[in-house]
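Notes for the structure review
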Amino acid sequence: MRTAFAAAVLALAALPASAHAFLDHASPAVGSAIPTAPPALTLWFTQDLELAFSGVTVANAAGQRVDLGNVRIPPGQPAELQVGLKPLPPGTYTVSWHVLSVDTHPTQGTFTFQVGGG
Amino acid sequence: MDRPLWRAAAPAAVILLSASSAALAHGFAGERFFPATLLTDDPFVADEMSLPTITRNPTGADGSQETDIETDLSKRITSDLGFTIGDQWEYLQPKGAAAATGFGTLNTGLQYQLFVNAPHEAIGLLNLGVSWGHSGRVQALGADDFTTISPGFDFGKGFGDLPNSLAYLRPFALTGNLSVDFPTKTESAGTPNPNNFNYGFAFEYSLPYLQCCVKDIGLRRPFSQLIPLVEVAFSTPLDRDQGLSTTGTIQPGIIWSGQYFQIGVEAILPANRPSGKGIGGLVQLHFYLDDAFPSTFGKAISEW
């Protein structure tokens, strides 16, 4: 068993830098209330992403898209996902994202944030 | 399709096909990530390995002390079909007698992913467990001298579909196991081997879920990767009990879930007198093989 354990530890020590991509944090922050909306939504993940199979939408309380649809991975920031926002009036907005990490593991999530008095 | 387009489409198709098969390689149902629990069985087929699980059991009802070092492997055969295999090395100190060491009973399981409901974060799995007789030290350690077949159902449910007014309860999740033991011998050395009803549950509060999907309370790694939980598991004789009673343990603890492995620690509290006395504990190092080896051993065998 000690040999098997040592072999496993050695094998895992040489891991590639990829796995499931979890949302680390966001701007606007998950569940936050902000006075005014920024011009773009940014999501930071724990792993690098495949843009072709990743996406994010932002919708208002009526379900209407308020993002600009220009999802991108900023240059030099392979674990970030960004999308432009239209000018947002006060209200509650829902962010829905799905991403594929570079080693093909998919993850997804949703959260809300509030602008103004909500 | 012209050649340049084909060249561009081929890698994309490979990625897409790989993604669809990898979706169940981990304990996911929609936004919910279910960690591998330490006491109760997981409700998903997976490519994962516990190495090791070290358990210091509470003092037995007969006064014995036991420490186990265990390893378990879960492997997908296809995206919905998997198997498990596990064994343990035991150190047993009977009260008033010499200590004994050796391997315990070998356990295997065949699993089928019955359903995954992403919107409701629900997941279900059929499990056929087999404990193999004479696979461990029968006389010295009390390993089984008979084979036991245990069909069961494992399930998980995240509470992410609760309304906004209960948002802070969304990180809760419940997983559970229901199974029945059918031993192939009715008694061993004069002791009855009853059919047992086994039931266990794990109640979890996922800080990763709180952070990603409810409210960023400012936690950052490694603290944002903690999942406090309480597990309980009981076994009740259904027949041939001859005075045998329900036994079980209650195990509060915490799991830290990283990218390639998780670490779990739990206390072990006997649920009643026949379950033992005092407090035990266990610690487990558990590897996500699908993340560690995504293009080789972490894939389902059918994709090798």
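Everything numeric here is computed off the predicted structure, so don't read it as measured data. (Residues numbered from 1 in each chain as written. Chains lettered and ligands numbered in written order. Predicted model: local features only at pLDDT ≥ 70, side-chain atom pairs only at ≥ 80, totals over all residues.)

Okay, the overall build of chain B next. A tally of helices and strands in chain B yields four helices and 17 strands. Compactness check: chain B gives a C-alpha radius of gyration of 21 Å against a globular reference of 19 Å for 304 residues, within 12% of the reference. Expressed along its principal axes, the backbone C-alpha trace of chain B runs to roughly 75 × 45 × 30 Å. A separation of at least 24 residues holds for 60% of the contacts in chain B among residues at least 6 apart in sequence. (Helix = DSSP H or I, 4+ residues; strand = E, 2+ residues; numbered from the N terminus. Rg over C-alpha atoms; globule rule 2.2 N^0.38 Å. Contact = placed C-beta atoms within 7 Å.)

In this section: the overall build of chain A. Of the regular secondary structure elements, chain A holds one helix and seven strands. Sorting the 118 residues of chain A into buried and exposed places 32% on the buried side. Long-range contacts, defined here as pairs at least 24 residues apart, represent 63% of the contacts in chain A between residues at least 6 apart. (Buried ≥ 20, exposed ≤ 12 C-beta atoms within 10 Å, placed from the backbone.)

In this section: the nonpolar core. Ranked by internal contacts, the top residues of the largest apolar core, which has 34 residues, are Leu43 and Phe45 of chain A. Every element with two or more residues in this core is listed here: β1 (23–27), β3 (40–45), β4 (55–59), β5 (80–84), β6 (91–100) and β7 (106–115) of chain A together with α3 (207–214) and β14 (226–237) of chain B. It is α3 of chain B that contributes the most residues to this core, six residues altogether. With residues near it in sequence (within four places) discarded, Leu43 of chain A still touches Leu23, Ala26, Val56, Glu80, Leu81 and Trp97 of chain A. Within the second largest apolar cluster, 11 residues are counted, among which are Val45, Ala46, Val116 and Ile123 of chain B. (Core = buried A, V, L, I, M, F, W, Y, C linked by C-beta atoms within 7 Å.)

What follows concerns the pairing of β7 of chain A. Residues and elements named next belong to chain A. Within β7, seven of the 10 residues are buried, which leaves it mostly tucked inside the rest of the structure. Examined bridge by bridge, strand β2 (residues 33–34) and β7 share two bridges and lie parallel to one another. By the bridge assignment for β7, Ile34 is matched with Val115. Direction of pairing for β6 relative to β7: antiparallel, over a ladder of 10 bridges. Bridge assignment links Val95 to a residue of β7, and that residue is Phe111. (Pairing = 2+ DSSP bridges.)

A few words on the environment of Ser179 of chain B. All names here are of chain B. Secondary-structure assignment places Ser179 in strand β10 (residues 172–183). For the pair Ser179 and Phe197, spaced 18 residues apart in the sequence, the C-alpha separation amounts to 6.0 Å. Excluding residues within four positions of it along the chain, Ser179 makes contact with Asn127, Gly129, Ser150, Pro151, Gly152 and Asn198.

Here the focus is the sheet that holds β7 of chain A. Residue and element names in this part refer to chain A. Strand order across the open sheet formed by four strands is β2-β7-β6-β4, with mixed pairing between neighbours. Unpaired on one side and paired on the other, β2 and β4 mark the two borders of the sheet. Bridge count for β4 against β6 is five bridges, and the pairing is antiparallel. Across the sheet, Val58 pairs through a bridge with Val95, a residue of β6.

Here we come to α3 of chain B. The buried fraction of α3 of chain B is high, at eight of eight residues. Turning to α3 of chain B, its buried residues are Leu207, Pro208, Tyr209, Leu210, Gln211, Cys212, Cys213 and Val214 of chain B. In this structure, the buried side of α3 of chain B is in contact with β1 and β7 of chain A together with β2 (32–33), β14 and β15 (247–257) of chain B.

Attention now goes to the pairing of strand β6 (residues 100–103) of chain B. All names here are of chain B. Sheet analysis places strand β5 (residues 81–93) next to β6, joined by four bridges and oriented antiparallel. Considered in β6, the bridge of Tyr91 is made with Thr101. Linking β5 back to β6 in an antiparallel pair, the connection comprises six residues, with Gly96 at a positive phi of about 75°.

Bringing the environment of Ile254 of chain B into the picture now. Within the fold, Ile254 of chain B resides in strand β15. Between the C-alpha atoms of Ile254 of chain B and Gly30 of chain B, which are 224 residues apart in sequence, the distance is 23 Å.

Residue and element names in this part refer to chain A. Spatially, three strands are ordered β1-β3-β5 in an open sheet, and the strand pairing comes out antiparallel. Pairing within the sheet leaves two strands with one partner each, and these edge strands are β1 and β5. Here the strands of the sheet are splayed against their neighbours by 15° on average, with no regard to which way each runs. Alignment of β3 against β5, held across five bridges, turns out to be antiparallel. Looking at the pairing, Trp44 lines up with Glu80 of β5. (Axes fitted to C-alpha atoms, helices over the stretch in contact; angles between N-to-C directions.)

Here the focus is the confidence of the model for chain A. Averaged over all residues, the pLDDT of chain A is 87; the fraction at 70 or higher stands at 83%. Predicted confidence for residues 12–17 of chain A stays below pLDDT 50, and this span has five contacts to residues more than four positions away or in other chains. (pLDDT = per-residue confidence, 0-100.)

For the rest of this paragraph, the subject is the confidence of the model for chain B. All names here are of chain B. Across chain B, pLDDT averages 89, with 91% of residues at or above 70. Between residues 1–24, whose pLDDT stays under 50, and residues either more than four places distant or in other chains, the model counts 26 contacts. This prediction of the complex comes with two scores: 0.87 for pTM and 0.84 for ipTM.

Let us look at the environment of Phe33 of chain B. All names here are of chain B. Mapped onto the elements of the fold, Phe33 is located in strand β2. It is 8.7 Å that separates the C-alpha atoms of Phe33 and Pro208, two residues lying 175 residues apart in sequence. Here Phe33 is in contact with Gly27, Phe28 and Pro208, once residues within four sequence places are set aside.

This paragraph deals with unusual backbone geometry. Ser27 of chain A connects to Pro28 of chain A through a cis peptide bond whose omega is 0°. Relative to the helices and strands, Pro28 of chain A resides in the loop between β1 and β2. Positive phi values are uncommon outside glycine, yet Glu121 of chain B reaches one of about 50°. Mapped onto the elements, Glu121 of chain B comes out in the loop between β7 (106–117) and β8 (122–132). In this model, His134 of chain B sits at a positive phi of 65°, which is unusual for a non-glycine residue. Among the structural elements, His134 of chain B can be located in the loop between β8 and α2 (138–141). By the C-beta count within 10 Å, which is 13 here, His134 of chain B ends up partly exposed.

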